[in-house]
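# Fold and contact review
Listed below are the residues making up each chain.
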Amino acid sequence: VTQMSSNRIAELAARAGIKIPELAKRIDMKAATLRVYTRGEREPRPALAEKIAEALGCTANEVMGFDANGGPPPREASDNQIPLYGNAAAGIGADVTDVSSPVEYIDRHPAMMSSASGYAVFVIGSSMEPRFREGEIVYCRPGKPARKGDDVVVQLEDDKGRTAIVKEYVSADDTVITLRQFNPEKTITIPRERVISVHTVCGTTIV
């Protein structure tokens, strides 16, 4: 089976010190449209890859995610960056994020600077409005136990892969974890066996 390449626009822009909105301006494209490519929802055609390569000072092959041997190169983050997950996935509701692989790497939130680990997730759907809105980025710092009322990212796993949801933590016991959402307001119970981790949100960014 041949694997599709995954473009490296976000990684290459980060290495060049260029923010996605600035890159979009340089190639005469709306930032929202460019983010469709950086999130891996669409792959650039060769002509667009050439324009991006010119703006970033690299090759179109690098933009498209191919190394000299024609295969996808390893994706790496700098010491000050964390993985960002953001593709919508089917699941409990219309608010589930695929966390099997990052869509890009972004700078750490100031609240995470003392932590060696951490990651960020795009909010999918409107189930946590007005607290979080769709497209907002939430940052997680593993290691801090969740308390009742904390905003959390709960990672789940089943035979379809690893996903995550953003909710308010209510409680947990040996069999289930109980969460709360706001829109519509309701509590959700998830079997403990499906839960990989519960990580407290330490900050947010509106994009």
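Report on the accompanying structure. (Residues numbered from 1 in each chain as written. Predicted model: local features only at pLDDT ≥ 70, side-chain atom pairs only at ≥ 80, totals over all residues. Heavy atoms only, no water.)

### Some points on the environment of proline 145
Under the convention used in this document: Numbering of helices and strands runs from the N terminus; a helix is a DSSP stretch of H or I covering at least four residues, while a strand is a stretch of E covering at least two. By definition, residues are in contact when any of their heavy atoms lie within 4.5 Å.
Relative to the assigned elements, proline 145 resides in the loop between β6 (137-140) and β7 (151-158). Considering only alpha carbons, one finds proline 145 and threonine 200, 55 residues apart in sequence, at a separation of 7.2 Å. When residues no more than four places from it in sequence are discounted, the contact partners of proline 145 are Asp150 and Thr200.

### Topic: the layout of surface pockets
Taking a probe equal in size to a water molecule and rolling it over the atoms shows the remaining empty space. Heads up, the condition is: Within this scheme a cavity is a closed region of a 1 Å grid, computed over the protein atoms alone, that accommodates a 1.4 Å probe without allowing it to escape, whereas a pocket is open but has protein on both sides within 12 Å along at least five of seven lines; lining residues each have an atom within 4 Å of a point. Grid points are joined across faces, edges and corners, and a volume is the space filled by probe spheres set on the points.
Of the voids in this model, the largest pocket is the one considered here, and its volume is about 350 Å³. Taken together, 19 residues make up the lining of the largest pocket; nearest its centre are Lys19, Ile20, Glu104, Tyr105 and Ile106. Secondary-structure elements contributing two or more residues to the lining of the largest pocket are α1 (9-15), α2 (20-26), β1 (81-85), β4 (104-107) and β6. At four residues, the largest contribution of residues to the lining of the largest pocket is made by β4.

### Observations concerning helix α4 (residues 46-56)
Put simply, the rule reads: Note on exposure labels: buried denotes an accessible area under 20% of the residue type's maximum, exposed denotes more than 50%, and partly exposed covers the range between, all computed with a 1.4 Å probe on protein chains only. Working definition: the arc comes from the directions between the helix axis and the C-beta atoms, pointing outward to the latter.
Those residues of α4 that sit buried are Leu48, Ala49, Ile52, Ala53, Ala55 and Leu56. Buried residues along α4 cover an arc of 160° about the axis, so they all sit on one side. Residues Pro46, Ala47 and Glu54 are exposed on α4 and point more than 90 degrees away from its buried face. Against α1, α2, α3 (31-38) and α5 (60-64) lie the buried residues of α4. In the segment just after α4, glycine 57 is the residue with positive phi, at about 70°.

### Notes on the pairing of strand β5 (residues 119-122)
This is how the line gets drawn: Whether two strands pair comes down to DSSP finding at least two bridges between them.
Side chains Tyr119 and Val121 of β5 all project onto a buried face; the interleaved residues Ala120 and Phe122 project onto the opposite face, where all are buried too. Sheet topology note: the β1/β5 ladder contains two bridges and is parallel. Residue pairing across strands places tyrosine 85 opposite valine 121, the latter belonging to β5. Relative to β6, β5 runs antiparallel, the two sharing four bridges. Residue pairing in the sheet places tyrosine 119 in a bridge with cysteine 140 of β6.

### Details of unusual backbone geometry
Of note, the amide linkage connecting glutamate 129 to proline 130 takes the cis form, showing an omega dihedral of 10°. Tracing the backbone shows proline 130 in the loop between β5 and β6. Following asparagine 183, the chain continues to proline 184 via a peptide bond in cis, the omega torsion being 0°. Inspection of the secondary structure assignment puts proline 184 in the loop between β9 (176-182) and β10 (185-191).

### Some remarks on the pattern of salt bridges
Spelled out, the test is: Only one rule defines a salt bridge in this text: a Lys or Arg side-chain nitrogen within 4 Å of an Asp or Glu carboxyl oxygen.
Scanning the model with the defined rule gives nine salt bridges in all. Between glutamate 168 and arginine 180 there is a salt bridge whose closest N-O contact spans 3.3 Å. Remark: arginine 180 occurs in strand β9 and glutamate 168 occurs in strand β8 (residues 161-172); sequence separation between them is twelve residues. The exposure class assigned to glutamate 168 is buried, which follows from its relative accessible area of 9%. In this structure, a network of salt bridges that share partners links the residues Arg131, Asp151, Glu168, Arg180 and Glu185.

### So, the state of the cysteines
The condition that has to hold: Two cysteine sulfur atoms form a disulfide, by the criterion used here, when they sit within 2.5 Å.
Applying the stated criterion across every chain yields a total of zero disulfides. A disulfide-free cysteine, cysteine 202 has its sulfur positioned 6.9 Å from the sulfur of cysteine 140, the nearest such atom. With a relative accessible area of 24%, cysteine 202 lands in the partly exposed category.

### As for the environment of lysine 144
Assignment of secondary structure puts lysine 144 in the loop between β6 and β7. Lysine 144 gets classed as partly exposed once you look at its relative accessible area, which sits at 39%. Between the alpha carbons of lysine 144 and valine 201 there is a distance of 9.4 Å; along the sequence they are 57 residues apart.

### Notes on empty space enclosed by the protein
Using the following cut-off: By the convention adopted, Pro, Cys, Tyr, Trp, Phe, Met, Ile, Leu, Val and Ala count as nonpolar, Lys, Arg, Asp and Glu as charged, and the other residues, Gly among them, as polar.
Tallied over the full model, the rule gives one cavity of 30 Å³ or more. In this structure, the largest cavity encloses a volume near 60 Å³. Lining the largest cavity are Asp95, Thr97, Phe122, Val123, Ile124, Gly125, Ser126, Ser127, Met128, Ala164, Ile165 and Val166. Top element by residues in the lining of the largest cavity is β8. It accounts for three residues. Per-class residue counts for the lining of the largest cavity are seven nonpolar, four polar and one charged.

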